[in-house]
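# Structural overview for review
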Amino acid sequence: LSAVEWVLSPLAGVAQIFVVGDAVSGAMILGATALYSPACAVAAAYGSAVGAGTGYLLGAPAAEIATGLWGFNPSLTALAVSVFYVPSAGAAALATGGAVATAAVFGGAKGAVAASLGIPIATL
């Protein structure tokens, strides 16, 4: 990944929640989320960044990381933790661990499932 792709991949991961692999869309989604709750926007961006990092460490293809395919589930996981748990070190650890786990499980499984069915991974 180039430095620019690395910086933009968490934004693309947030956009992938809505099946759009575009960093500009992700920035707009985070901006709208921040109008409602800045903490939720930070949590969503953080989870997506953790997912991108997990994908990188697990050797995921750079194109998958850059288009946010490793960031959307971790983003939703971190966001859910931020909504349902009181902000604390334990909640931060749970958000991080959950983001890593969902990236590893679903990030790896999506390729295996799509390959076994002979279909492409669905994204715009």
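From a predicted model like this one, the values you see are computed outputs, not experimental measurements.

This paragraph deals with the environment of Val-42. Along the polypeptide, Val-42 turns up in helix α3 (residues 38-57). C-alpha of Val-42 to C-alpha of Ala-78: the two residues are 36 residues apart in sequence and 9.3 Å apart in space.

Attention now moves to the side chain of Ser-9. With respect to the secondary-structure elements, Ser-9 resides in helix α1 (residues 3-15). If we ignore the near neighbours within four places in the chain, the residues touching Ser-9 are Ser-48, Ala-52, Ile-65, Ala-66 and Gly-68.

The subject of this paragraph is the nonpolar core. Core analysis: the largest hydrophobic core is formed by six residues, namely Ala-52, Ala-60, Ile-65, Leu-69, Trp-70 and Ala-103. Not counting residues up to four positions away in its chain, the partners in contact with Ile-65 are Leu-1, Trp-6, Ser-9, Ala-52, Gly-55, Tyr-56, Ala-60 and Trp-70.

Rules used throughout
Residues numbered from 1 in each chain as written. Predicted model: local features only at pLDDT ≥ 70, side-chain atom pairs only at ≥ 80, totals over all residues. Heavy atoms only, no water. Helix = DSSP H or I, 4+ residues; strand = E, 2+ residues; numbered from the N terminus. Contact = heavy atoms within 4.5 Å. Core = buried A, V, L, I, M, F, W, Y, C linked by side-chain atoms within 4.5 Å. Buried < 20%, exposed > 50% of the residue type's maximum accessible area, 1.4 Å probe, protein only.

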